[in-house]
Amino acid sequence: MNPRARTAAQAVVTAAALALTGCVAADPEPVASAPAPDVTSWQPSVTPTTASPAPSPTSASPPASAPAPASAPAPSRAPAPGKIDQRDADAVSAAVLTTMWRIDTTTDRDQRDAVLRAAGWLSPAYLADLRAGSQVGTDAAWTGWAAHRARTEPSLIAGRDQRQPDTATHADRQWRLTVTPIGADGWRGRPLTMTGFVALQRDRRSAPWRVVAVTLR
């Protein structure tokens, strides 16, 4: 196997362990507000509740109850590749990074399980290399997430660095990725912030883009 291809294949799962142990830059303070909206379009929507009518002066008011703690976001499945425009390199690269970092500690063994959920957008060779790699394993940070039955919410901002122009068969994309763990008990962990570099290829202009490498820094 080409050593460069193996390095690219291992980069994304190796970066997971580095991120969770603090080797990837994180924001200095926990974020109190919800993460920025995801660039992808399959986020579950929340329907606002309407206010109840005020009680009449003669009716007895029920005792006030304590507000319910915030809970982890409902699990969301990775969308099928056909749900996005696969001839749009922005859409495909965003879908891959978002899927790879939407983690559920209640069902995933480690972050590699989330990585493999992006299989529908990966080239066959890249997917085979990822599947052949070793399981990442968990660490103290993952254990802390799991103690809160946490799921993660990734958000993306397009990178502004200059890149090579797209060709008919090759494209590169850069994203600023922020991953926020949110526990089922309302706990919100320290976000992880990384830069994701995504390389895409296709056989011809009319073919769908496929990701051939993901590198995180």
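For clarity, every value in this text was computed on a predicted model and none was experimentally measured.

1. So, the pairing of strand β1 (residues 151-158)
Buried residues dominate β1, accounting for 6 of its 8 residues. Both β1 and strand β2 (residues 170-182) contribute to a ladder of 8 bridges, which runs antiparallel. Looking across to β2, one finds that I157 is bridged to R176.

2. Some points on the confidence of the model for the chain
In this model, the chain carries an average pLDDT of 75, and 62% of its residues clear a pLDDT of 70 or more. Of the regions scoring below 50 in pLDDT, residues 21-70 engages in 56 contacts with residues more than four places distant in sequence or in other chains.

3. Quick look at the nonpolar core
Ranked by size, the top nonpolar core spans 35 residues in total, and within it V96, M100, W101, L122, L200, V211 and V214 carry the most contacts. For this core, the secondary-structure elements that each account for two or more residues are α2 (89-100), α3 (111-116), α4 (124-132), α5 (140-147), β2, β3 (192-201) and β4 (210-216). Sorting elements by how many residues they give to this core places α2 first, with 7 residues.

4. Section: the pattern of salt bridges
Considering all chains together, one arrives at 6 salt bridges under this definition. D108 is the partner of R117 in a salt bridge, and the nearest nitrogen-oxygen pair spans 2.8 Å. A relative accessible area of 36% means that R117 is categorised as partly exposed. Via salt bridges that share partners, D90, D166 and R173 belong to a single interconnected network.

5. Brief notes about the environment of T98
With respect to the helices, strands and loops of the structure, T98 is situated in helix α2. Judged by its relative accessible area of 0%, T98 falls in the buried class. For the pair T98 and V115, spaced 17 residues apart in the sequence, the C-alpha separation amounts to 9.6 Å. Within polar-contact distance, the side chain of T98 engages the backbone oxygen of A94 at 2.8 Å.

6. A short note on the sheet that holds β3
In space, the 4 strands of this open sheet follow the order β1-β2-β3-β4, with antiparallel pairing throughout. Two strands in the sheet have a free side with no partner beyond their single neighbour: β1 and β4. In this sheet, neighbouring strand axes are inclined to one another by 35 degrees on average, regardless of whether the strands run parallel or antiparallel. Pairing between β2 and β3: 10 bridges, direction antiparallel. Looking at β3, one finds that T178 is bridged to T193.

7. Details of unusual backbone geometry
Its identity as a non-glycine residue notwithstanding, R149 has a phi of 50 degrees, on the positive side. Tracing the chain through its elements places R149 in the loop between α5 and β1.

8. A few points about α4
Along α4, the residues that are buried comprise Y126, L127, D129 and L130. Considered in projection along α4, the buried side chains sweep an arc of 160 degrees and stay on one side of the axis. Counted as exposed and oriented over 90 degrees from the buried face of α4: P124, A125, R131 and A132.

9. A closer look at the packing of aromatic side chains
What the rule picks out here adds up to 1 aromatic pair. Stacked on the ring of F197, the Lys or Arg R217 has its end atom at 4.8 Å from the ring centre.

About the thresholds
- Residues numbered from 1 in each chain as written.
- Predicted model: local features only at pLDDT ≥ 70, side-chain atom pairs only at ≥ 80, totals over all residues.
- Heavy atoms only, no water.
- Buried < 20%, exposed > 50% of the residue type's maximum accessible area, 1.4 Å probe, protein only.
- Helix = DSSP H or I, 4+ residues; strand = E, 2+ residues; numbered from the N terminus.
- Pairing = 2+ DSSP bridges.
- pLDDT = per-residue confidence, 0-100.
- Contact = heavy atoms within 4.5 Å.
- Core = buried A, V, L, I, M, F, W, Y, C linked by side-chain atoms within 4.5 Å.
- Salt bridge = Lys/Arg side-chain N within 4 Å of Asp/Glu carboxyl O.
- Polar contact = N/O pair within 3.5 Å; in protein donor to acceptor, adjacent residues only side chain to side chain.
- Axes fitted to C-alpha atoms, helices over the stretch in contact; angles between N-to-C directions.
- Arc of directions from axis to C-beta.
- Phe/Tyr/Trp six-rings, centres within 6.5 Å; stacked < 30°, edge-to-face > 60°.
- Lys NZ or Arg CZ within 6 Å of the ring centre and 35° of its normal.

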